[in-house]
Amino acid sequence: MNKNSIGIFDSGVGGTSIWKEINALLPNENTLYLADSKHAPYGSKGKNAIIDLSIKNTEYLLNQNCKTIVVACNTATTNAIDYLRAQYKIPFIGIEPAIKPAALQTKTNAIGILATKGTLSSVLFSKTAGIFSKSVHIIEQVGEGIVDLIETGKLDSPEMRSLLKIYLNPMIIANIDHLVLGCTHYPYLMPLLLDILPNHVKIIDSGEAVARQTKAILQQNNLLNTSTSLAKNRFLTNGNPETMNTLLNQKFNIEIADF
């Protein structure tokens, strides 16, 4: 069981940003990454559809004997992880926007959240944001169109830059000093975000915290892989593999699967 893979799924290639953090912290762990690009983005879908897609991905990873599952998608976490934990015995690690550190660290009392519609409209997000919104001005922005551009290989494109400027300008005017990334696709925007935002704005994503939580869960369940042999990392997609190939620097064989 310890040598079984950590299963990771996302609505496409964005969760590879989470995979990189997990792989850096736990290089001996075997991983199986599932990119559900055919159904991306999840953020524009309703709660029931998101739960159904999350079940589909979970069942696929369980059939591959994964020992734990990382829901590397903010929208799937905020809408489906409670259901998944209730239905399956396997440990699940989820992701939600890092509002808390941003709200605690802000000096201007203004923070920005860039996320999908599915995340921002979820009960979990509303509950977390509600705790801090009394003392901190939170500017929420749905990143409509961003995931589609990333999935189609237009990460560093004029369309992306134009879209980001539209989304970020109200936050800049509101004098935010922290930007929280509420989608695992968004860390790949870092060069563009740094170019557009004022220098004092700190960008926060959840990747490193998720990797630490994954390690903690494996330790708690005695599931850490103690083998020193080279880890096997598999990447499966039901969409075009080219974008994922680029984001992973052409280092892996991307398998095409129907799921």
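Everything that follows concerns the structure shown earlier in this document.
The following refers to the structure shown.

Reading guide: rules and limits
- Residues numbered from 1 in each chain as written.
- Predicted model: local features only at pLDDT ≥ 70, side-chain atom pairs only at ≥ 80, totals over all residues.
- Heavy atoms only, no water.
- Phe/Tyr/Trp six-rings, centres within 6.5 Å; stacked < 30°, edge-to-face > 60°.
- Helix = DSSP H or I, 4+ residues; strand = E, 2+ residues; numbered from the N terminus.
- Buried < 20%, exposed > 50% of the residue type's maximum accessible area, 1.4 Å probe, protein only.
- Axes fitted to C-alpha atoms, helices over the stretch in contact; angles between N-to-C directions.
- Parallel < 35°, antiparallel > 145°, perpendicular 65-115°, else oblique.
- Left-handed = near helix turned anticlockwise from the far one by under 90°.
- Contact = heavy atoms within 4.5 Å.
- Nonpolar A, V, L, I, M, F, W, Y, C, P; charged D, E, K, R; others polar.
- Pairing = 2+ DSSP bridges.
- Core = buried A, V, L, I, M, F, W, Y, C linked by side-chain atoms within 4.5 Å.
- Right-handed = clockwise from strand over helix to strand, strands pointing away.

Here's the deal with the packing of aromatic side chains
Scanning all chains against the criterion turns up six aromatic pairs. Centroid distance Phe 235 to Phe 252: 4.8 Å. Interplanar angle 50°. Geometry classified as tilted. With Phe 235 in strand 9 (residues 233-237) and Phe 252 in the loop between helix 11 (242-247) and strand 10 (254-256), this residue pair connects regions lying 17 residues apart in the sequence. In this structure Phe 252 comes out as partly exposed when scored by relative accessible area, which is 24%. Here the aromatic residues Trp 19, Tyr 33, Phe 235 and Phe 252 are joined through ring pairs into a cluster of three or more.

Details of the packing of helix 2 (residues 47-63) against helix 3 (residues 74-87)
Put simply, helix 2 and helix 3 touch, their axes get as near as 9 Å, and they point 70° apart. Considering the angle they form, helix 2 stands roughly perpendicular to helix 3. Here helix 2 runs over helix 3; the crossing is right-handed. Contacts between helix 2 and helix 3 involve Lys 47, Ile 50, Ile 51, Ser 54, Ile 55 and Thr 58 from the first element and Thr 75, Ala 76, Asn 79, Ala 80, Tyr 83 and Leu 84 from the second. A breakdown of the residues in the contact of helix 2 with helix 3 according to their chemical character gives seven nonpolar, four polar and one charged.

Considering the sheet that holds strand 9
Working definition: the strands of a sheet are paired by backbone hydrogen bonds and lie parallel or antiparallel to each other. Read from one edge to the other, the open sheet built from six strands follows the order 4-3-1-2-9-10, with strand pairing classed as parallel. In this open sheet, the two edge strands, each paired with only one partner strand, are strand 4 (92-93) and strand 10.

Quick word on unusual backbone geometry
In this chain, Ala 40 is followed by Pro 41 through a cis amide linkage whose omega measures -5°. Among the secondary structure elements, Pro 41 is positioned in the loop between strand 2 (31-35) and helix 2. The phi dihedral of Asn 109 is positive, around 60°, even though this residue is not glycine. We classify Asn 109 as partly exposed; its relative accessible area is 43%.

Describing the packing of helix 1 (residues 16-25) against helix 10 (residues 207-220)
At a minimum axis separation of 8 Å, helix 1 and helix 10 run at an interaxial angle of 50°. It follows from the interaxial angle that helix 1 and helix 10 lie oblique. Relative to helix 10, the crossing made by helix 1 is right-handed. Residues Ile 18, Glu 21, Ile 22 and Leu 25 of helix 1 lie in contact with helix 10, whose contacting residues are Gly 207, Glu 208, Val 210, Ala 211, Arg 212, Thr 214 and Lys 215. In the contact of helix 1 with helix 10, the residues fall into five nonpolar, two polar and four charged.

A closer look at the side chain of Thr 119
Note that Thr 119 resides in helix 5 (residues 117-120). In contact with Thr 119, not counting residues within four places along its chain, are Asn 74, Thr 75, Thr 78, Pro 97, Phe 125 and Gly 182.

Digging into the nonpolar core
Residues Val 70, Ile 146, Leu 164, Leu 179 and Leu 193 are the most contacted members of the largest nonpolar core, which totals 49 residues. At six residues, the largest contribution of residues to this core is made by helix 8 (residues 158-173). Beyond its immediate chain neighbours, meaning those up to four positions away, Leu 193 contacts Leu 164, Leu 168, Leu 179, Leu 181, Tyr 186 and Ile 203. In this structure, Ile 50, Leu 61, Ile 81 and Phe 259 belong to the second largest nonpolar core, which totals 23 residues.

Some remarks on the environment of Arg 212
Along the chain, the position of Arg 212 falls in helix 10. On the accessibility criterion, Arg 212 (47% relative accessible area) is partly exposed. When the C-alpha positions of Arg 212 and Leu 25 are compared, they lie 7.6 Å apart, and in sequence the two are 187 residues distant.

Regarding the pairing of strand 3 (residues 68-71)
Both faces of strand 3 are covered, namely the face carrying Thr 68 and Val 70 and the face carrying Ile 69 and Val 71. Pairing analysis gives four bridges linking strand 1 (residues 6-10) to strand 3, with the strands arranged parallel. When the bridges of strand 3 are listed, Phe 9 appears paired with Val 71. Of the strand pairs in this sheet, strand 3 and strand 4 are connected by two bridges, and their pairing is parallel. Bridging across to strand 4, Val 70 finds its partner in Ile 93. At this point the chain moves from strand 3, through helix 3, to the parallel strand 4, and the crossover so formed is right-handed.

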